[in-house]
Amino acid sequence: MHDILPEDQPYFQRIFQATDEIAQFYGFEKITVPVVENIELYERGTGLGTDIVEKEMFSIKTKGGDTLALRPEFTPGIVRAYNQHGMLSWPQPVKLYTYGPLFRYENPQAGRFRQFHQIDFEVFGEQSPAIDAQIIQIFYTVLKELKFGHLIVEVNSIGDVQCRPYYKKVLANYLRPRQNALCQNCKRRMKENPLRTLDCKDEKCQRVKLQAPQIIDHLCEGCKAHFKSLLEFLDEADLPYHLDPYLVRGLDYYTKTVFEIFTDKQIQPEEGGETVLQRSALVGGGRYDNLVKILGGKDVPASGAAAGVERIVALMKERGLPPAQIPGPRVFLAQLGDLPKKKTLKLLEELRKAKINIGESLGRDSLRTQLAKADKLGVEYTLILGQREILDGTIVLRKMDTGEQETVRMEKVADELKQRLKNSK
Ligand code: HAM
């Protein structure tokens, strides 16, 4: 878990700004769900057999004897909210988005944190593949808006209850004689859910995967038509994508469409060898037509995805992509002596109301130190408030580039500044 220091905040702010703008354009409404929920929600939602639930959840025992979990992902919490607040009776589809912190007890490594942030979009009550394509388009657009260049969208279909069980059997038959070539984890996974072996990053398992049967060849008519139509939507929207027949995603609830958005990251090996390209998944998502029902609701189709904010920030920094521009002060207020200092707080507040962005150094008394700070901030004007000005009801206005000074009436200072700042923009 880590602190996000002031210097990194503009990156987070830029990502959340872009998300808000795009969400609003596409008609998504914001929802905020609790950070802790009953652990059962994730056991049933995310799935008991997933790494997230099996190994990565932070759990808390309450004094009352309940077991809660720090949310490892947003989707089950948002589905719970959909059911709990009767959103089925709202006009469908219900389009929701959110962002915030999540918690996974991961092995610390590059791009993986135990507290991290996601932006998350979910759509309920619409089964058309157009919605899957729209979710992909939204995340693609957020990343483009942040000025990411080369992005790779990988898509696949993992079928549904009609066709997946048969494919699992076909895959298990392929894996069984090759068990010894799999990692320890996959030997176990093979029995519980052979699909998960396709997700394994171990080199040995990757080799076995190369020749494995592909689910695409075993989809039922409904899933095949859905997938074909999704690809047509992506083509029409000019969204470049690759088919990855082995993309399965490590969460239990997906049906039909699954996708990830990657970008290649350059890694310089420590020994000084050649740079290698490492893939980093920025976004992951897909359709989950059974989850609303599994979590106690009606049969409501749904689709969604989430992006990892820290990973996006790391790449923005690495590639020199611009963070949010937080405007600095254009005016500085310097005060000389006790009485002027006492008047400063009120004057600052009047200038804030007039929307003049102003810097100050209330703890300093010497004019020289204060002007040095004004210089450092790069302001265009400095207001100087001394004993005499207080008595006269005036204030000195110093133009920083020329050093010219003039005296203006206190009650006119806000208007005067606004006028001058407008002219110098
Ligand atoms: P996920 O693939 O587990 O999906 O996470 C989505 C993204 O969150 C990843 O692609 C990655 O960028 C980021 N991420 C995940 N774990 C970490 C970590 N430990 N540190 C930093 N970043 C991380 C989900 O969470 C699904 N709920 C997505 C979804 C929404 N599917 C349907 N609706």
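Everything here concerns the structure above.
Quick notes on the rules
Counting starts from 1 at the beginning of each chain's written sequence and moves along it residue by residue. Owing to the predicted nature of the model, reporting of local features is limited to residues with pLDDT of at least 70; listing and counting of side-chain atom pairs is limited to 80 or more, with chain, interface and lining totals taken over all residues. Only hydrogens and water are removed before side-chain values are computed, so all heavy atoms of the structure are retained for them. We call a residue buried when its accessible area falls under 20% of the maximum for its residue type, exposed when it is over 50%, and partly exposed in between, using a 1.4 Å probe and counting protein chains only. Under the scheme used here, helices are H or I runs from DSSP no shorter than 4 residues and strands are E runs no shorter than 2 residues, and both carry numbers assigned from the N terminus. It only takes one pair of heavy atoms within 4.5 Å for two residues to be counted as in contact. Only a single heavy atom is needed: when it lies within 4 Å of a molecule or strand, its residue is near that molecule or strand. Any pair of N or O atoms that falls within 3.5 Å is considered a polar contact. Within protein, one atom must be able to donate a hydrogen and the other to accept it, and sequence-neighbouring residues count only if both atoms are side-chain atoms. All accessibility values rest on the Shrake-Rupley procedure with a 1.4 Å probe; residue burial counts only the protein chains present in the view. We score Asp and Glu as negative and Lys and Arg as positive, and we do not count His or the chain ends. Salt-bridge detection follows one rule: a side-chain nitrogen of Lys or Arg within 4 Å of a carboxyl oxygen of Asp or Glu.

S.K.: Teacher, can you tell me more about helix α4 (residues 75–84) here?
M.R.: The periodicity of an α-helix, 3.6 residues per turn, causes residues three or four places apart in sequence to face the same way. Extensive coverage of α4 is indicated by the burial of eight of its 10 residues. Among all positions of α4, only Thr75, Pro76, Gly77, Ile78, Val79, Arg80, Ala81 and Tyr82 are buried. The secondary structure elements touched by the buried residues of α4 are β2 (36–38), α2 (39–47), β5 (94–103), β6 (115–124) and α10 (291–294). The positive-phi residue at the C-terminal boundary of α4 is Gly86, with phi of around 55 degrees.

S.K.: Please explain unusual backbone geometry as it appears in this structure.
M.R.: Backbone geometry follows two general trends: most residues other than glycine have a negative phi, and most peptide bonds adopt the trans configuration. In this structure, Pro93 follows Gln92 across a cis peptide bond, with omega equal to -5 degrees. Position of Pro93 relative to the elements: it lies in the loop between α4 and β5. Phi is positive for Lys147, close to 80 degrees, though the residue is something other than glycine. Topologically, Lys147 is positioned in the loop between α5 (129–145) and β7 (152–157). Here Lys147 falls in the exposed class, since its relative accessible area comes to 54%. Phi is positive for Asp238, close to 55 degrees, though the residue is something other than glycine. As for its placement among the helices and strands, Asp238 is situated in the loop between α9 (221–236) and β8 (241–243).

S.K.: Explanation requested: the site of the ligand in the structure shown.
M.R.: Neighbouring residues of the ligand: 26 residues in total, closest Glu73, Thr75, Glu122, Arg249 and Tyr254. Gln118 has a polar side-chain atom sitting 3.0 Å from an oxygen atom of the ligand. One nitrogen or oxygen atom from the main chain of Leu282 is found 3.2 Å from an oxygen atom belonging to the ligand. Bound to the protein, the ligand loses 96% of the 670 Å² it would expose on its own. Elements that contribute at least two residues to the shell around the ligand include exactly β6, β10 (276–287) and β11 (302–308).

S.K.: When you look at the side chain of Arg14 in this model, what are you seeing that I'm missing?
M.R.: Relative to the elements of secondary structure, Arg14 occurs in helix α1 (residues 9–25). Of the side chains with opposite charge, Glu145 comes closest to the buried, unpaired Arg14, at an N-O distance of 4.5 Å. Each residue touching Arg14, except ones within four places of it in the same chain, is listed here: Glu145, Leu146, Met316, Pro322, Pro323 and Ala324.

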